Amino acid sequence: MLRALADCNNFYASCERALNPALEGVPVIVLSNNDGCVVARSSEAKALGIPMGAPFFQVRRLCETHGVHVASSNFAVYGDFSARVMEVLAEQARDIEVYSIDEAFLGFPDMPDAEAEALGRRIREEVRARTGIGVSIGLAPTLLLCKLANELAKGDRASGGVRVIPSDPAARLALTRPLAVDRLWGVGPGLASRLRSHGIVTVADLAEAEPARLRSFAGVVGERLALEARGVPCRDLVEEAAPRRSILSSRSFGHPVTDRAELEEALAYHAAQAARKLREDGLVASELVGFARTNKHRPDEPQRRAEAAVRLDPPTQDARRLAAAAAQALAGFWEPGFRWKKAGVFLLGLSPADRSQPMLPGLGAGESEARRRLMTAMDALNAKLGRDVVRLASTGLERAWKGKSERLTELSTTDAERLPVAKADGPRLPRTRIRFHE
Amino acid sequence: MVRLREMGRADEAATAADFPLLGCRIAAGFPSPADDHLERRIDLNAHLVRRPGATFFLRVEGESMSGAGILDGDLLAVDRSAKAADGSIVVVALGGELTVKRLARGRGGWELRAENPRYAAIPVPEEGFAVWGVVVAVVRRTA
């Protein structure tokens, strides 16, 4: 079966550009929440040597010198663009596994290799026409080779964003002969050097190696890599999202927090956010970890990473119980004298809410029906009135710790109050002058 | 892994599905003679937006298109995938801004026309110009 990996190019930067034509041809970077680090770069910004993940203050100079457009992340917009892109992909392919916000694996049964390239181009065109977002598409018989084909498409302008690694062995080996084995997904420096020591230098070498031999010195991982490299799929698309194993809600503060009440409020907020995700997925949690840390980019200040775990018995999805547990966790690690930069909540031991066992009578009850109904009512109101309209008072009213993204585009594709503007104000004709003939 | 999530877009916000088709609620008594004729209420999204995945909403600023019924503050539904033709009202990327104009073939070639006598038409520039999308609907509240 023909498979493909569709991966949006510089996704967040492309979304910014799709709504703002002034950014065409201009280097663009996107910063993480509260403008901490670089989380996306347009190709022009990459060419300037701005590293991914760099703290903004380290590249600020460079950005100013080269007129880089610096955007705060706007995840509501990226989420909408992602959904639009995935919609197009889902129409084009029979199978789809949405792998992350900007990439998806696709499956095309009965699609002959000869049509792979045209198919890739068609999909790319369709995504661009409907969303303005550029995608690179790698097509191949296995997911490992799809990923490699995608890298090739991205790295080579002449490819026009589409590359095929054919299933025909001769053609496939010819194409992968010059490619070093560490270009494969999952082949790190350690594995690569072990492979090289056994004479496997290129992707083609790996495809030609006997899988059983691979297993002897590179384990099951090596064997599976060899099989996938020779076009035998070991992993197929997973259409159903795997159940979550943990939920995290955390964020950097807008300014350093030193006050305990403020930190408690932030933790309650994250507990409530995580609780909402639990309920969306129909899960309950049996453990909460509250944590906070100081600013690691400020070595002149006392440093600390603190955390404490709280058992939740019975398991719960109730925002009030989770907020109380977060306060308990804080009591476990609180220490004055630090300037906290970030805090958050981890929920662990997740299981489906409908399967959680009610306890025996007298040995502690399950989640009470009243608590459950309260949360259902709160979710229903928020679905109608807007996120966070009804919320726990303990999560704060002012939320001074939240801070503000300075460069927020403020634009939205989903909120009628903050839509991009279509100008209809120019060019004006000059006023007609009345001439007097003498 | 990220799942497709509703983003509150045109196709997914309040639609006709929010108004279930209920017949006569009274269990006893006579059924309503209209029961067999109930239809869904008009769904404005379905009515105005043919391709929700490709349609973006923009806010109008300015009066240059007033002759085409497009006023300052109006909401435009813009289909990015629609093909622009002679006479289409389009949103174009021009000088780094999104601008709404009518695309028309004039004597000297393609023009971007305003629909207001106080504004001038501009010839379609050879560079730095792209059709961003075609305006497919104008939305304005009157109260």
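Residues numbered from 1 in each chain as written. Chains lettered and ligands numbered in written order. Predicted model: local features only at pLDDT ≥ 70, side-chain atom pairs only at ≥ 80, totals over all residues. Heavy atoms only, no water.

(A) Structural detail: the interface of chain B and chain A. Chain B puts 40 residues into the contact, and the matching count from chain A is 41 residues. Around 3600 Å² of area is buried between chain B and chain A when both sides are counted, 57% of it from carbon and sulfur atoms. With a shortest N-O distance of 3.3 Å, K423 of chain A and E61 of chain B are connected by a salt bridge. Summed over the shared surface of chain B and chain A, the result is 19 residue pairs in polar contact (both at pLDDT 80 or more). Sort the elements by how many residues they give to the side of chain B that touches chain A and strand β1 (residues 55-61) of chain B lands first, with seven residues. Split into classes, the residues belonging to the side of chain B that touches chain A amount to 21 nonpolar, eight polar and eleven charged. Bridge analysis of strand β14 (residues 421-423) of chain A against β1 of chain B gives three bridges, and the strand direction is parallel. Residue pairing in the sheet places V421 of chain A in a bridge with R59 of chain B of β1 of chain B. (Contact = heavy atoms within 4.5 Å. Buried area = accessible area lost by both parts, 1.4 Å probe. Salt bridge = Lys/Arg side-chain N within 4 Å of Asp/Glu carboxyl O. Polar contact = N/O pair within 3.5 Å; in protein donor to acceptor, adjacent residues only side chain to side chain. Helix = DSSP H or I, 4+ residues; strand = E, 2+ residues; numbered from the N terminus. Nonpolar A, V, L, I, M, F, W, Y, C, P; charged D, E, K, R; others polar. Pairing = 2+ DSSP bridges.)

(B) Highlighting the side chain of H270 of chain A. Its location among the elements puts H270 of chain A in helix α11 (residues 260-280). Look past the residues within four positions of H270 of chain A in its chain and what remains in contact with it is S249, S250, R251, A343, G344 and V345 of chain A.

(C) Seen up close, unusual backbone geometry. All names here are of chain A. In the segment running from D313 into P314, the intervening peptide bond is cis, with an omega of 0°. Relative to the assigned elements, P314 resides in strand β11 (residues 305-316). One non-glycine residue, N10, lies in the positive phi region at around 45°. Examined against the element boundaries, N10 turns out to sit in the loop between β1 (2-8) and α1 (11-19). By relative accessible area, which is 22% here, N10 ends up partly exposed. Phi angles above zero are rare outside glycine, and D110 is one such case at about 65°. Following the sequence through the fold, D110 ends up in the loop between β6 (103-108) and α5 (116-131). (Buried < 20%, exposed > 50% of the residue type's maximum accessible area, 1.4 Å probe, protein only.)

(D) Fine view of helix α3 (residues 56-65) of chain A. Residues and elements named next belong to chain A. Within α3, the full set of buried residues consists of F56, V59 and C63. Buried positions in α3, seen along its axis, are confined to an arc of 80° and lie on one side of it. Away from its buried face, by an angle of more than 90 degrees, α3 presents the exposed residues F57, Q58, R61, E64 and T65. In this fold, the buried residues of α3 make contact with β2 (28-31), β3 (38-41) and β4 (69-72). Once α3 ends, the next one or two residues include G67, with phi positive near 60°. (Arc of directions from axis to C-beta.)

(E) Structural context of the packing of helix α8 (residues 189-197) of chain A against helix α10 (residues 211-229) of chain A. Residue and element names in this part refer to chain A. Where α8 meets α10, the closest approach of the two axes is 11 Å, and the angle between their N-to-C directions is 125°. Here α8 lies oblique to α10, going by the angle between them. In the crossing of α8 with α10, the sense of the turn from one axis to the other is left-handed. Counting all contacts with α8, which are made through L191, R194 and L195, the residues of α10 involved are L214, F217, A218 and L225. Here the contact of α8 with α10 is built from residues that sort into six nonpolar, no polar and one charged. (Axes fitted to C-alpha atoms, helices over the stretch in contact; angles between N-to-C directions. Parallel < 35°, antiparallel > 145°, perpendicular 65-115°, else oblique. Left-handed = near helix turned anticlockwise from the far one by under 90°.)

(F) Seen up close, the environment of G96 of chain B. Residue and element names in this part refer to chain B. With respect to the element layout, G96 can be found in the loop between β3 (89-94) and β4 (97-106). Take G96: its relative accessible area is 25%, and that puts it in the partly exposed class. Expressed as a C-alpha distance, the spacing of G96 and F129, which sit 33 residues apart in the sequence, is 9.1 Å.

(G) Focus on the state of the cysteines. Residues and elements named next belong to chain A. Using the criterion set out here, one finds zero disulfides over all chains in the structure. C15 takes part in no disulfide bond, and the closest cysteine sulfur, belonging to C8, lies 7.4 Å away. Considering cysteine sulfurs only, C146 is the nearest to C234, which forms no disulfide, with 13 Å between them. Given the relative accessible area of 26%, C234 is considered partly exposed. (Disulfide = S-S within 2.5 Å.)

(H) Seen up close, the sheet that holds strand β7 (residues 135-140) of chain A. All names here are of chain A. A sheet is described by the order of its strands in space; here five strands give the open sequence β5-β6-β1-β7-β8, paired in mixed fashion. Only two strands of the sheet have a single neighbouring strand rather than two, namely β5 (95-100) and β8 (162-164). Adjacent strand axes in the sheet meet at a mean angle of 15°, parallel and antiparallel pairs treated alike. Here β1 pairs with β7 via six bridges, running antiparallel.

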